[in-house]
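# Observations on the three-dimensional arrangement
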Amino acid sequence: MVRGFTRRFDPERPRDAAAEQQDAHLPPPTVPIPRAPSGSALVLPGGRPHSLYHCRHDCDVLIADSHLTELCAQDPRIHVAKIDTLRSCEDRVACPLCLPTETDYTKIKRCSVTTPTGPREALLTLWRRAPDSTWHAVVMYTLNSRLTAHPHPATSLNPLPTRR
Ligand SMILES: [Zn+2]
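Small disclaimer: the values here were computed from a predicted structure and weren't measured.

## Re the overall build of the protein chain
Across its full length, the protein chain carries three helices and nine strands. In sequence order, the secondary structure elements of the protein chain are arranged as α-β-β-α-β-α-β-β-β-β-β-β. Put simply, of all contacts in the protein chain between residues at least 6 apart along the chain, 56% involve residues at least 24 apart.

Laid out in structure tokens, this is it:
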């Protein structure tokens, strides 16, 4: 699985294991992400049951999905397409992070994800399958009061507990 990129905040000071555990920053993807010209959006095909389209090249979900394509040995190339064309595709959904007013929340499921700091409520945006037949998802959750996205194996995801 892709782990959070851990860095030392200040090389002069001793390492802070707790702070490093909270550091969820992912390194930049190896394949550069293009910018979307006006009226266009970015898509990374191959997601299941849909792929997401994004308006921001620095979207956390897009970066996490880019890492996931590499983990799953899929084509990591990002396509630029007209946003009107994407809207009319059944298997394309607007990204809930960079296009929150346009996304279809009936296609974005809620779940619970196991993180180093405990279970968190998350949004499951899409799945990809690795060559060893394991499934991995890009999930979005709040960490340090910021919405972030990370690849997670299916084994770290659970249904949300039912509320009474
Ligand atoms: Zn996005």
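Now, onward.
## Section: the sheet that holds strand β8 (residues 146-153)
Here we have five strands laid out as an open sheet, ordered β8-β7-β6-β5-β9, and antiparallel in their pairing. In this open sheet, the two edge strands, each paired with only one partner strand, are β8 and β9 (157-158). Where strand β5 (residues 109-115) meets strand β6 (residues 118-129), seven bridges bridge the pair, whose relative direction is antiparallel. By the bridge assignment, S112 is partnered in β6 with E121. The strands touched by helix α2 (residues 60-71) within the sheet are β6, β7 (135-143) and β8, with β8 carrying the most contacts at an inclination of about 15°.

## Things to note about the sheet that holds strand β3 (residues 79-82)
With mixed pairing, the four strands of this open sheet are ordered in space as β3-β1-β2-β4. Strand pairing shows two members of the sheet lacking a second neighbour, β3 and β4 (92-94), which therefore form its edges. Put simply, the sheet's adjacent strands are angled 40° from each other on average, direction ignored. In terms of strand pairing, strand β1 (residues 40-43) meets β3 through four bridges, oriented antiparallel. What sits directly across from S40, in β3, is K82.

## Some details on the nonpolar core
Grouped together as the largest cluster of nonpolar side chains are 31 residues, with contacts concentrated most on Y53, V61, C95, V138, V139 and M140. If you list the elements that add at least two residues to this core, you get β1, β2 (51-54), α2, β4, β6 and β7.

## What about the environment of Q74?
Inspection of the secondary structure puts Q74 in the loop between α2 and β3. Classification of Q74 by C-beta neighbours within 10 Å gives partly exposed; the count is 17. Considering only alpha carbons, one finds Q74 and R129, 55 residues apart in sequence, at a separation of 8.9 Å. If sequence neighbours within four positions are ignored, Q74 has contacts with G46, T69 and R128.

## Details of the environment of T155
Its location among the elements puts T155 in the loop between β8 and β9. Along the primary structure T155 and T134 are separated by 21 residues, whereas in three dimensions their C-alpha atoms are 9.1 Å apart.

## Some points on unusual backbone geometry
The peptide bond linking R48 to P49 adopts the cis configuration, its omega dihedral lying at -5°. Take P49: it is sitting in the loop between β1 and β2. Even without a glycine there, the phi angle at A73 is positive, about 55°. Structurally, A73 can be placed in the loop between α2 and β3. For A73, a count of 12 C-beta atoms within 10 Å corresponds to the exposed category.

## Focus on the environment of S133
Among the secondary structure elements, S133 is positioned in the loop between β6 and β7. Given 6 C-beta atoms within 10 Å, S133 falls into the exposed group. For S133 and C72, which are 61 residues apart along the polypeptide, the C-alpha to C-alpha distance reads 9.2 Å.

## Here we look at the pairing of β2
Residues S51 and Y53 line one face of β2 and the alternating positions L52 and H54 line the opposite face, and both faces are buried. Alignment of β1 against β2, held across two bridges, turns out to be antiparallel. Across the sheet, the residue bridging to L42 is H54, located in β2. For β2 and β4, the ladder comprises three bridges, and the chain directions are parallel.

Analysis parameters
Along every chain, residues carry numbers that run from 1 in the direction the sequence is written. Local features in a predicted model are, by the rule used here, given only for residues with pLDDT of at least 70; side-chain atom pairs are given and counted only at 80 or more, and totals for whole chains, interfaces and linings are based on all residues. Starting at the N terminus, helices and strands are each numbered in turn, a helix being any DSSP run of H or I of at least four residues and a strand any DSSP run of E of at least two. Throughout, a residue-residue contact means that the two C-beta atoms, derived from backbone geometry, are no farther apart than 7 Å. Two strands pair under a simple rule: DSSP has to find at least two bridges between them. Simply put, an axis is a line fit to the C-alpha atoms, just over the touching stretch for a helix, and the angle between two N-to-C directions goes from 0 to 180 degrees. Each nonpolar core reported here comprises buried Ala, Val, Leu, Ile, Met, Phe, Trp, Tyr and Cys residues connected via C-beta atoms within 7 Å. We call a residue exposed when 12 or fewer other C-beta atoms sit within 10 Å of its C-beta, buried when the count reaches 20 or more, and partly exposed for counts in between; the C-beta positions come from the backbone.

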